[in-house]
Structure formats: C-alpha cells, structure tokens
Amino acid sequence: MSTAPPNTPSNATPSATSNATPNATSDPSVPDPHLGGVWERVAARVVDHVLVAVACALLLLPLASVGALLPQPGGYLLGAVGTLVASALTVGYFTVLESRDGQTLGKRLLGLRVVDHAGRVPTREQALRRNLWTGLGVAGVVPVVGGLVGALATTVAVVLILLGVLSDVAERRGWHDRLAGGTRVLHTR
C-alpha cells in the first residue's frame, strides 16, 4: 500500500514531497537545499518551450501554408487561429503536465518537480495559474502590433519571474509561484 500523500504520485522521491517547510535552518538567507536552482529552472523552461514550438510548428505548418495563399482577410483569420491554437497548446502543455505529476519534459530531464505549498503535486487550477503567462503570445491576434505586444508582455513576465526567483533566496518563488498559491520547484534526485 502506498503512503504517498493525496494528489502525490506514489513514485515521487522524498525530496520532492516531504519538505513542505520553508527551509531546514529557518534562516531566510539560506536556501533550502531541496529547491531547484534558478538556472536549472531556466534550462527546463527553455527545453519545454523548444519542444512546444517544434510541435506547434509541425501542427500549424499546413494552416500557415494555406493562410499564405489566401487573400486578406482570410490569411489574417487563419493566422489568428494559428496564434490562438499555439497559445492554447503552450498553456495546456504546462498545465496538464505539471498537474499530472509535477513535471514537464524539461523538468523531468533536469530532475525537477513542481509542488504546492504542502509538497503535493499542484492541482490543475494551480498549474494553470502558475503558467497562464505562457499564453501571452495570444496578443498576436491583434493586427500589426499584436506580435510585438505579446513578445514584450512575455519578456516582462519572464524577467519579473527571474528577478523574483533570484531575490527570494529562501524559497526561490517567482510571482507565478505566488499566484498559484505558493508552488515551489524541487529537486527529484
């Protein structure tokens, strides 16, 4: 019989589930050794975004090809549909995988897992709130400036997340972790 807490995969390692306290020393200037490193988290996100981009490109290439042949506004409408689909796939990828077992493919590769404030796998709602910013590219549906607005909004979100994680030495939480109710990224190995 498994002794894993509810909503925690039975194969989760102790370091990924048992350390729900802020850190062993209670000194906010000393990071919890179980927390995933900042650059490990960045690398995992890069891996994930490359995978999602390749999947979106392969999936949406036929749509883009047809859109390029259509007169306006048909081409624009197909481009807008493609942007909506790509944004939904991106948000969906992170939400589904993080709420399933706390790991995206990038996190799994780098030995990281997302947990909620109690050390459990995040709920679907928490994972959605944590990753909603990944869909800011949806602004690309706005003619002329949408792509730029979406790219700038995503860049600002990433910079603010990175600054938040870097400044929170004890918990390494970004604003997206706080928005999700206090999620953390822990080592699984």
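Residues numbered from 1 in each chain as written. Predicted model: local features only at pLDDT ≥ 70, side-chain atom pairs only at ≥ 80, totals over all residues. Heavy atoms only, no water.

### Points about the packing of aromatic side chains
Considering all chains together, one arrives at one aromatic pair under this definition. Between Tyr93 and Phe94, the aromatic rings sit 5.0 Å apart at their centres with planes inclined by 90°, giving edge-to-face as the arrangement. One exposure class covers both Tyr93 and Phe94, and it is buried. The ring centre of Phe94 lies 4.4 Å from the NZ or CZ of Arg45, which sits over that ring. (Phe/Tyr/Trp six-rings, centres within 6.5 Å; stacked < 30°, edge-to-face > 60°. Buried < 20%, exposed > 50% of the residue type's maximum accessible area, 1.4 Å probe, protein only. Lys NZ or Arg CZ within 6 Å of the ring centre and 35° of its normal.)

### As for the confidence of the model for the protein chain
When pLDDT is averaged across the protein chain, the result is 85; 84% of the residues are at 70 or more. This stretch, residues 1-6, has a pLDDT under 50; its non-local contacts, to residues over four places away or in other chains, come to five contacts. (pLDDT = per-residue confidence, 0-100. Contact = heavy atoms within 4.5 Å.)

### Some thoughts on helix H5 (residues 124-131)
Buried within H5 we find Gln126, Ala127, Arg130 and Asn131. All buried residues of H5 fall inside an arc of 120° around its axis, so they share one side. Of the exposed residues in H5, the ones pointing more than 90 degrees away from its buried face are Arg124 and Glu125. Elements in contact with the buried residues of H5: helix H2 (38-69), helix H3 (74-101), helix H4 (105-110), strand S1 (112-115), helix H7 (175-179) and strand S2 (184-187). (Helix = DSSP H or I, 4+ residues; strand = E, 2+ residues; numbered from the N terminus. Arc of directions from axis to C-beta.)

### Details of the pairing of S2
Note on strand geometry: in a regular strand, side chains alternate between the two faces of the sheet. Here S2 shows two buried faces, one formed by Arg184 and Leu186 and the other by Val185 and His187. Here S1 pairs with S2 via four bridges, running antiparallel. In the strand pairing of S2, Leu112 is matched with His187. (Pairing = 2+ DSSP bridges.)

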